[in-house]
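Structure at a glance
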Amino acid sequence: MVASIKPHQEEAGLRDGSLLIDGEWRPAKSGQTWSHRHPATAEEVASFPIAGPEDVDAAVRAARRAFDDGPWPRARAAERIRMLRRIADLVCEHGDELLALQALDNSVPLSFGAVYGMSASMVADVFDHHAGWVDKLAGETLPPFQGGDHLVMTLREPVGVVGAVVPWNAPLLLTAQKLAPALAAGCTIVLKPSEYATFSVLRLVALIEEAGLPPGVLNVVTGPGEPTGDALISHPMVNKLSFTGSRAVGRKIMIAAADGFKRVSLELGGKSPALVFADADVSTAAAITMGTVTLGLSGQVCLAQTRALVHRDVADEFLGMAQMIGGMVSYGNPFDPAVTSSPLINPRQLDRVLGLIAEGQESGATLVCGGTRAEGDLAEGNFVAPTLFTDVSNEMSIAREEVFGPVLSVIPFSDEEEAIRIANDTQYGLAATVWTSDIKRALRMTKAIRAGTVGINGYQLEPHAAFGGYQQSGLGREGGRTAIEAYTELKTVMVPFTDEMM
Ligand code: NAD
C-alpha cells in the first residue's frame with residue numbers, strides 16, 4: 001500500500017474549503033459539498049462547497065460592483081504594481097506549503113517542485129512579470145490619416161468582470177496565469193478551480209487576500225463543471241471568459257460566450273510532436289521526450305510531446321533510451337522524495353487511458369513496455385505503468401487523441417517532408433520540438449510546424465513568453481504583451497484642435 005497521505009494533510013493544515021465572495025469566506029447556499037479523493041491512495045481528503053447558481057450569481061455581482069464602483073480598476077499604477085509584487089513575495093514565502101497542498105490535490109510529487117515549470121518560483125514570477133506590465137499597458141498616438149489638426153489616440157481599458165476556469169494539472173501556475181494579467185489590467189474576477197485541485201488554489205487565493213486586495217476584486221466559487229462552471233460561463237454580467245482545460249469544455253465555453261458576445265481566451269489540449277532526426281543527440285531526445293510523458297505529471301501535461309516522430313535509422317536507439325527512462329519511474333506517495341511521477345487524476349481518466357492503450361494494441365501498434373494498470377502496492381491508486389508504443393501510424397487513436405497519461409507513441413519517418421506532414425496532421429497545434437544538429441534544418445522545420453511553441457533541441461517554460469495553441473489547441477496566448485492585452489478593450493479617442501474639423 002502507498003503510505004497514507006493523511007499525516008501530510010494535518011502538517012499542511014488542510015481543512016474544508018469555502019467560497020470567497022465579496023471578501024468573505026462562506027459556505028454554499030446549496031449546502032452541497034464535494035469530497036476529494038486522493039488519486040494515489042483513494043483516501044478522502046477534505047471537502048469543499050459546491051457553489052450553485054445562487055452562489056455564483058452573488059460572486060459575479062460582487063465582482064461587477066467591484067469593477068463598476070470599486071477602487072481596483074481606478075487604482076494608481078504604482079498601487080497595482082506593489083500589490084502584484086506583494087503577492088509574488090507571499091507565494092515565495094509560502095512556496096513549500098503551496099506545493100504540499102498541490103500534492104494533496106493532484107498527487108504531483110514534491111520532487112517535481114524542483115522543475116521550474118512546477119515550482120512556486122514560477123508562480124511568483126508570473127505575478128512579477130505582470131507587475132511589470134501595469135504601467136506599460138499603453139495605447140498609441142497615430143498621425144492623422146486625412147491630415148489636419150487633430151489627434152488620434154488609443155487607450156487600453158480593463159475588459160471588466162473575468163470568469164476564470166482552470167484545470168487540475170498545474171493548478172497554481174495556471175491560476176496565476178489568469179489572475180496576474182487580469183489583476184494587472186484592472187479587472188475583477190470570479191475564479192472557478194477544478195474540483196480535482198481546489199485546496200492549493202484556495203490557499204493561493206487566501207495569500208492574495210492577505211496581500212490586501214479590495215473585497216470583491218477576486219471571488220472564488222468551488223465545485224464541478226455542472227452546476228458551478230456552467231453557472232459562471234453563462235452569467236450575463238461576465239465580460240470575459242478565460243479558460244484552460246480540455247477541447248470539449250473549451251467548445252462549451254465558446255458557445256456560452258456567444259450569448260452576450262463575451263471575450264474569450266482558451267488554452268486547450270495538444271498532441272505535440274517531437275521530431276527526432278538521425279543527426280540529433282538521440283539519447284537526449286529520447287530521455288527528454290519520454291520524460292515529459294512519464295515523469296512528474298505522468299503525461300497529464302498539455303504540452304507533453306506524446307508523438308515521437310523518429311527517423312527510421314535511429315528508431316532502435318531512441319526506443320532503447322525511452323524504455324530505460326520508463327523503467328526509472330517511481331510511483332507512490334507524492335511526499336516521498338524518491339517518488340518521481342503521479343497517478344492519473346481519477347478512475348474515469350484511468351479507464352480512458354487503459355481503453356486508448358487497448359485500442360493501440362488492437363490497431364497493430366507494438367507495445368514496447370507498460371500498457372497495464374500498476375498493481376500490488378499501487379492498486380488503490382490510479383497508476384498506469386509507463387507505456388511505450390512503436391510502429392504507430394498517425395491514423396491510430398493513440399496518435400490522434402490527447403491521451404493525458406504516461407503513453408508515448410513512436411512514429412517512424414524517412415525524410416523531412418514526411419516528418420512535417422505527420423507533425424501537422426493533427427487537430428491540435430500547441431507545441432513541438434525539433435531534435436537535430438543541423439541549424440538550417442531546425443529552422444526549416446520550425447517554420448513549417450503549425451504550433452504555438454517550438455523548442456529546438458529542448459524546451460522550457462518562460463513566464464514572459466507567449467504560450468498558446470494553433471487550431472483546436474486554443475485561442476489567444478498567455479504570457480507577454482498579447483496575454484495582458486487580452487484583458488483589455490481598446491478605445492480610440494479623436495481630438496480635433498480646431499473648430500473646422502467638427
Ligand atoms: P476539463 O476541461 O475537464 O476541466 C477544466 C475546468 O473546466 C475544470 O475547472 C472543470 O470543472 C471545468 N468545467 C468542466 N465542465 C464545465 C462546464 N460545462 N462549464 C464550465 N466549466 C466546466 O480539463 P481538465 O481535465 O481539468 O484538464 C485537462 C485538460 O486541460 C487537457 O485537455 C489539457 O491539455 C488541458 N490543459 C491545457 C493547458 C494549456 O495551457 N493549453 C494547460 C493545462 C491543461
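Residues numbered from 1 in each chain as written. Predicted model: local features only at pLDDT ≥ 70, side-chain atom pairs only at ≥ 80, totals over all residues. Heavy atoms only, no water.

1. Details of helix α3 (residues 77-93)
In this model, α3 (17 residues) spans 24 Å end to end at C-alpha, consistent with the 24 Å of a helix rising 1.5 Å per residue. Taken together, the buried positions of α3 are occupied by Arg80, Ile81, Met83, Leu84, Ile87, Ala88, Leu90 and Val91. Contacts made by the buried residues of α3 are with α4 (95-106), α5 (120-131), α6 (171-185) and α7 (199-210). (Helix = DSSP H or I, 4+ residues; strand = E, 2+ residues; numbered from the N terminus. Expected span 1.5 Å × (residues − 1). Buried < 20%, exposed > 50% of the residue type's maximum accessible area, 1.4 Å probe, protein only. Contact = heavy atoms within 4.5 Å.)

2. Examining empty space enclosed by the protein
Taken as a whole and assessed by the stated rule, the structure comprises 5 cavities of 30 Å³ or more. In this structure, the largest cavity encloses a volume near 50 Å³. As for the largest cavity, its lining consists of 13 residues, and the residues nearest its centre are Pro273, Ala423, Thr426, Gly429 and Ala431. Broken down by class, the residue content of the lining of the largest cavity amounts to 7 nonpolar, 4 polar and 2 charged. (1 Å grid on protein atoms, 1.4 Å probe; cavity = no way out; pocket = protein on both sides within 12 Å on 5 of 7 lines; lining within 4 Å. Points joined across faces, edges and corners; volume = space filled by probe spheres on them. Nonpolar A, V, L, I, M, F, W, Y, C, P; charged D, E, K, R; others polar.)

3. Some details on the layout of surface pockets
Volume-wise, the second largest pocket comes out at about 300 Å³. As for the second largest pocket, its lining consists of 14 residues, of which Gly13, Arg15, Asp16, Leu202 and Arg203 are closest to the centre. Of all the secondary structure elements, the ones that give two or more residues to the lining of the second largest pocket are α4 and α7. Among the elements that take part in the lining of the second largest pocket, α7 stands out by supplying 4 residues, more than any other. Of the residues that constitute the lining of the second largest pocket, the class distribution is 7 nonpolar, 3 polar and 4 charged.

4. Examining the site of the ligand
By nearness alone, 30 residues border the ligand, and Val166, Glu195, Ser246, Leu268 and Glu402 come closest of all. At 3.2 Å, a side-chain N or O of Trp168 approaches an oxygen atom of the ligand. Contact between the ligand and Lys192: an oxygen atom at 2.8 Å from a side-chain N or O atom of the residue. Burial of the ligand by the protein amounts to 90% of the accessible area it has alone, namely 850 Å². (Near = heavy atom within 4 Å. Polar contact = N/O pair within 3.5 Å; in protein donor to acceptor, adjacent residues only side chain to side chain. Areas by Shrake-Rupley, 256 points an atom, 1.4 Å probe, with all protein chains shown as cover.)

5. Quick notes on the packing of α6 against α7
Running from N to C, α6 and α7 point in directions that differ by 45°, and their axes come no closer than 9 Å. Between α6 and α7, the interaxial angle falls into the category oblique. In terms of crossing hand, the pair formed by α6 and α7 is right-handed. The segment α6 lies against α7, with Pro171, Leu172, Thr175 and Leu179 engaging Ser200, Val201, Leu204 and Ile208. Taken together, the residues that form the contact of α6 with α7 break down as 6 nonpolar, 2 polar and no charged. (Axes fitted to C-alpha atoms, helices over the stretch in contact; angles between N-to-C directions. Parallel < 35°, antiparallel > 145°, perpendicular 65-115°, else oblique. Left-handed = near helix turned anticlockwise from the far one by under 90°.)

6. Describing the packing of aromatic side chains
Counted according to the given criterion, the structure contains 6 aromatic pairs. Summarising the aromatic geometry, the rings of Trp34 and Phe48 are spaced 6.4 Å apart at their centres and angled 20° between planes, so their arrangement reads as stacked. In this pair, Trp34 sits in strand β3 (residues 33-37) while Phe48 sits in strand β4 (residues 44-49), placing the two residues 14 residues apart along the sequence. Given the relative accessible area of 1%, Phe48 is considered buried. Counting every residue linked through ring pairs, the aromatic cluster contains Trp34, Phe48, Tyr196 and Phe199. The ring centre of Trp72 lies 5.8 Å from the NZ or CZ of Arg80, which sits over that ring. Lying across the ring of Tyr487, Lys240 places its NZ or CZ 4.8 Å from the centre. (Phe/Tyr/Trp six-rings, centres within 6.5 Å; stacked < 30°, edge-to-face > 60°. Lys NZ or Arg CZ within 6 Å of the ring centre and 35° of its normal.)

7. Considering helix α10 (residues 282-294)
Given a rise of 1.5 Å per residue, 13 residues ought to cover 18 Å, and the 18 Å separating the end C-alpha atoms of α10 matches this to within 8%. Tucked inside the fold, the buried residues of α10 contact β12 (273-276), β13 (307-311), α11 (315-328), β15 (387-390), β16 (407-413) and β17 (431-435). Phi turns positive, to about 65°, at Gly296, one or two residues after α10.

8. As for a nonpolar patch on the surface
A cluster of nonpolar side chains, contributed by Ile439, Leu443 and Ile456, occupies part of the molecular surface with about 270 Å² of accessible area. By the element assignment, Ile439 lies in helix α15 (residues 439-448). (Patch = residues over 30% accessible without salt bridge, like charges linked within 9 Å, V, L, I, M, F, W, Y side chains within 5 Å. Salt bridge = Lys/Arg side-chain N within 4 Å of Asp/Glu carboxyl O.)

9. Details of unusual backbone geometry
In the segment running from Glu226 into Pro227, the intervening peptide bond is cis, with an omega of 15°. Positionally, Pro227 belongs in helix α8 (residues 225-233). You will see that Asp391, though not glycine, has its phi angle at about 55°, which is positive. Relative to the assigned elements, Asp391 resides in the loop between β15 and α13 (397-400). A relative accessible area of 43% places Asp391 in the partly exposed class. Phi at Asn457 takes a positive value of approximately 55°, unusual for a residue other than glycine.

10. As for the pairing of strand β7 (residues 161-165)
Counting buried residues in β7 gives 5 out of 5 residues, a clear majority hidden from the surface. Taking every second residue as pointing to the same face, both faces of β7 are buried, with Val161, Gly163 and Val165 on one and Val162 and Ala164 on the other. Here β7 runs beside strand β8 (residues 188-192); their pairing, made up of 5 bridges, is parallel. Note that in β8 the partner of Ala164 across the bridge is Leu191. Crossover β7 to β8 through α6 is right-handed. (Pairing = 2+ DSSP bridges. Right-handed = clockwise from strand over helix to strand, strands pointing away.)

11. Comments concerning the sheet that holds β13
If you trace the 7 strands from one edge of the open sheet to the other, you get β14-β15-β16-β13-β12-β17-β18, paired in mixed fashion. One side of each edge strand has no neighbouring strand; the edge strands of this open sheet are β14 (366-369) and β18 (453-456). Strand-to-strand twist of the sheet, defined as the mean angle between neighbouring strand axes without regard to direction, takes the value 20°. In terms of strand pairing, β14 meets β15 through 3 bridges, oriented antiparallel. Its bridge partner being in β15, Cys369 is matched across the sheet by Leu388.

By themselves, these figures tell us nothing about what the structure is for.
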